[in-house]
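Inside the fold
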Amino acid sequence: MKALVLLSGGQDSTTCLYWALREYGKENVSAFGFDYGQRHIEELKYAQAICDELGISFVIQSLPTVSEMTENALTRSDIQVDNSYDGSAPPNTLVEGRNLIFLTYAAIYAKKRGIKVLVTGVSQADYSGYPDCRDVFIKSTNVTLSLGLDYPFLIETPLMWRDKAQVWALARELGVLDIIKEKTLTCYNGVPGEGCGDCPACNLRSWGYEGFVRDEQRI
Ligand code: ZN
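Please read all numbers here as calculations on a predicted model, not as lab measurements. (Residues numbered from 1 in each chain as written. Predicted model: local features only at pLDDT ≥ 70, side-chain atom pairs only at ≥ 80, totals over all residues. Heavy atoms only, no water.)

1. Examining the nonpolar core
Filter applied, for reference: By nonpolar core is meant a set of buried Ala, Val, Leu, Ile, Met, Phe, Trp, Tyr and Cys residues that side-chain atoms within 4.5 Å join together. With a 1.4 Å probe rolled over the protein chains alone, any residue whose accessible area is under 20% of its type maximum counts as buried; one over 50% counts as exposed, and the rest are partly exposed. We count a stretch as a helix when DSSP gives it H or I for four or more residues in a row; a strand needs E for two or more, and each element gets its number in order from the N terminus. The contact definition used throughout considers only heavy atoms, calling two residues in contact when any of these lie within 4.5 Å.
The biggest cluster of nonpolar side chains holds 36 residues, and the ones touching the most others in it are Leu4, Tyr36, Leu103, Leu118, Leu145 and Phe153. Secondary structure elements with two or more residues in this core: β1 (3-6), β2 (29-35), α4 (98-112), α5 (135-148) and α8 (200-218). Dropping the residues within four chain positions of it, Leu118 is found in contact with Leu4, Leu6, Leu103, Ala106, Ala107, Ala110, Leu145, Phe153, Leu154, Ile155 and Glu156. Counting 32 residues, the second-largest nonpolar core is a separate cluster that includes Cys16, Val167, Val176 and Phe212.

2. Overview of α5
The condition that has to hold: Multiply 1.5 Å by the residue count of a helix minus one, and that product is the helix's expected span. Taken from the helix axis, the directions to the C-beta atoms give the arc we talk about.
For α5, which comprises 14 residues, the first-to-last C-alpha distance of 20 Å matches the rise-based estimate of 20 Å (1.5 Å per residue) to within 8%. Where α5 is concerned, the buried positions are Asp135, Phe137, Ile138, Thr141, Asn142, Leu145 and Ser146. The buried residues of α5 all sit within an arc of 155° when viewed along its axis, so they share a single face. Exposed side chains of α5 directed beyond 90 degrees from the buried face belong to Val136, Lys139, Leu147 and Gly148. Here the buried face of α5 lies against α4, β4 (117-119) and β5 (154-156). Immediately downstream of α5, the backbone of Asp150 shows phi near 50°, a positive value.

Structure, rendered in structure tokens:
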């Protein structure tokens with residue numbers, strides 16, 4: 001069975017890529033990414049480098065309309081990333097509809113190539129207030145895409161119930177902890193590896209890593 005990984009070059013989707021290699025075999029895995037005007041566009045270079053090293057296909061779809069239509073700190077350089085997220089409302093890095101748009105484009109691309117499995121790194125456990133990272137959204141979208149394209153898709157979400165510490169643990173289990181640590185870009189300000197240390201994505205990543213290290217020491 002062939003699988004298409006939605007790859008951004010960050011910690012979560014890159015971990016999913018290695019998960020897919022284990023589950024579906026390298027010959028069956030390819031990757032798909034998006035240029036949607038994100039301020040951390042550099043992330044795609046990291047995704048490309050990982051795919052080049054693995055020898056798997058990585059296609060980047062351009063979606064310029066996303067940044068034209070939405071107002072958020074991820075696609076607008078004049079809006080500051082708000083660090084004060086407290087769970088009461090979505091953070092200003094939310095790109096409305098992003099995962100719905102991404103999955104729709106990925107599904108169209110996949111069907112053309114006889115690929116039924118779509119792998120995405122969304123997580124409800126650490127969903128940061130993004131409604132389109134929740135399990136119910138994915139299940140609903142799975143049904144909608146299968147009906148809309150008349151094709152039996154399976155959306156795989158290996159991180160859905162893992163918090164960031166458990167995502168690091170999965171990377172270790174897959175034998176790629178150092179690759180994820182050093183060769184991915186999660187930071188909203190475009191700083192690779194450990195990142196800028198100041199944005200919400202860096203905070204979540206380092207908070208998760210500290211939790212992972214603590215869990216390791218307990219075992
Ligand atoms: Zn950062």
